[in-house]
Amino acid sequence: MPRPERSFRVTAVVLRHADWGEADRLLTLFTREMGKLRAVAKGVRKVRSRKAGHLEPFTHVRLQLAKGRDLPIVTQAETVDAYLPLRDDLIKTGYAAYAAELLDRFTYEEEIESSIPFRLLVETLGRISQESDAWLAARYYEMRLLDYLGFRPQLFRCANCEAAIEPVDQYFSPLAGGVICPKCGAGLPGLWTISMDELKYLRHFQRSSYAEASRAHPSAEVKKKVETLMQAFFTYLLERELNTPGFLKRIRNSNEN
Ligand SMILES: [Zn+2]
């Protein structure tokens, strides 16, 4: 009988960690090779552990893991990028935590190849770390994450009647996953308002590369409304979709397209 592979390598971002036993840490990793994965780092809470610095949250690392009886165990760790500017700036740390949490909450430990969301996370952490204003990086991340998760919002046609959206203020339906024209929206419950300026900005975002998206300069009012709307949409999706088989199916289907 061939022995099963006892040791394997992954490239990962540490999403979060928790104390585990006397001196160990339980890591929640997002890996390029296997998606979300938990692993144990032994002894890292001891003062002289050499691995500890590589395993802080939001660090991009290469790891050697050994299959344990229960969870894999970290045997080697090497930092690819520690995103140092994140560490001394609370606002940047907050944005990084938000990016990590969104991916954490929308994914499961199911050992699927995950290079698309992994790259998105790594690029986003790099932008949050390097750029003076992390707002754009966070909004761009949200829009691309929705694409990946299969929830790309419909912003060009009414999500109810399919009519082309006219340049007037509209509604947004989290349930329908997009914009609803004023005619369909009148009297419907559960709709949010979205102004034409906000909609234009979201459309631009949805169709643009990061460099193109960064050239738009929306007003502070539009920025605030767009942020509120996107976060409400994510909250809505999390409450409705998490832990349902339909949700997983949509993710898989969207990745096959
Ligand atoms: Zn309509």
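For the structure, check the block above.
None of the values given here were measured: they were computed from a predicted structure.

### Overview of the overall build of the protein chain
Then, in step 1: In terms of regular secondary structure, the protein chain is built from nine helices and eight strands.
Then, in step 2: Seen through its principal axes, the protein chain has C-alpha atoms that stretch 65 × 45 × 30 Å.
Then, in step 3: A buried classification covers 47% of the 257 residues belonging to the protein chain.
Then, in step 4: The long-range fraction of contacts in the protein chain, counting pairs at least 24 apart against all pairs at least 6 apart in sequence, stands at 58%.
Then, in step 5: When the accessible surface of the protein chain is split by element, carbon and sulfur atoms take 52% of a total near 13700 Å².
Then, in step 6: Charged side chains in the protein chain number 38 positive and 33 negative. The centres of these two groups are separated by 4 Å.

### Quick word on the coordination of the zinc ion
Then, in step 1: On the protein side, the zinc ion has Cys 158 (SG), Cys 161 (SG), Cys 181 (SG) and Cys 184 (SG) as donor atoms, found 2.3 Å from it.
Then, in step 2: With four donor atoms in place around the zinc ion and angles of 103 to 115° between them, the coordination shape is tetrahedral.

### Concerning the nonpolar core
Then, in step 1: Counting 58 residues, the largest nonpolar core has Leu 121, Leu 125, Tyr 141, Leu 145 and Leu 202 as the members making the most contacts within it.
Then, in step 2: At 11 residues, the largest contribution of residues to this core is made by helix H4 (residues 135–149).
Then, in step 3: Here Leu 121 is in contact with Val 13, Leu 15, Phe 30, Ala 99, Ala 100, Leu 103 and Tyr 141, once residues within four sequence places are set aside.
Then, in step 4: If you look at the next biggest cluster of nonpolar residues, it comprises 18 residues, including Phe 8, Leu 27, Val 61 and Val 74.

### Section: H4
Then, in step 1: Helix length check: H4, at 15 residues, gives a terminal C-alpha distance of 21 Å against a target of 21 Å (1.5 Å per residue), a fit within 8%.
Then, in step 2: In terms of burial, H4 is a largely internal element, 14 of the 15 residues being buried.
Then, in step 3: Of the residues trailing H4, Gly 150 is marked for its positive phi of about 85°.

### Quick look at the pairing of strand S2 (residues 24–31)
Then, in step 1: The buried fraction of S2 is high, at eight of eight residues.
Then, in step 2: The pairing of strand S1 (residues 7–20) with S2 spans eight bridges and is classified as antiparallel. Bridge pairing links Val 13 to Phe 30 in S2.
Then, in step 3: In this antiparallel pair of consecutive strands, S1 and S2, the connection spans three residues, and Gly 21 shows a positive phi of 65°.
Then, in step 4: With antiparallel pairing between neighbouring strands as the criterion, S2 and strand S3 (residues 35–41) make up a hairpin whose turn holds three residues.

Thresholds applied
- Within each chain, residue numbers correspond to sequence positions counted from 1 in written order.
- Reporting of local features is limited, given that this is a predicted model, to residues whose pLDDT is at least 70; pairs of side-chain atoms are given and counted only at 80 or more, and all residues count toward the totals for whole chains, interfaces and linings.
- The basis for the side-chain values is all heavy atoms of the structure; hydrogens and waters are excluded.
- Secondary structure elements are taken from DSSP: a helix is a run of H or I of four residues or more, a strand is a run of E of two residues or more, and numbering for both begins at the N terminus.
- Each residue is assigned to one of three classes by its accessible area relative to the maximum for its type, calculated with a 1.4 Å probe on protein chains only: buried under 20%, partly exposed between the two thresholds, exposed over 50%.
- It only takes one pair of heavy atoms within 4.5 Å for two residues to be counted as in contact.
- Note on areas: Shrake-Rupley, 1.4 Å probe, and residue coverage restricted to the protein chains presented here.
- None of His or the chain ends enter the tally, which takes Lys and Arg as positive and Asp and Glu as negative.
- Taken as the charge location is NZ of Lys, CZ of Arg, CG of Asp or CD of Glu.
- Coordinating N, O and S atoms are those within 2.8 Å of the metal (3.2 Å for Na, K and Ca), and as water is not part of the atoms, a site may appear to have fewer donors than expected.
- When four donors show all angles between 85 and 135 degrees the site is tetrahedral, when four or six donors have opposite pairs over 155 degrees and all other angles between 65 and 115 it is square planar or octahedral respectively, and in every other case it is irregular.
- Here, nonpolar core means buried Ala, Val, Leu, Ile, Met, Phe, Trp, Tyr and Cys residues that are tied together by side-chain atoms lying within 4.5 Å of each other.
- Given a helix with a known number of residues, its expected span is that number minus one, times 1.5 Å.
- Two strands are said to pair when DSSP picks up at least two bridges between them.

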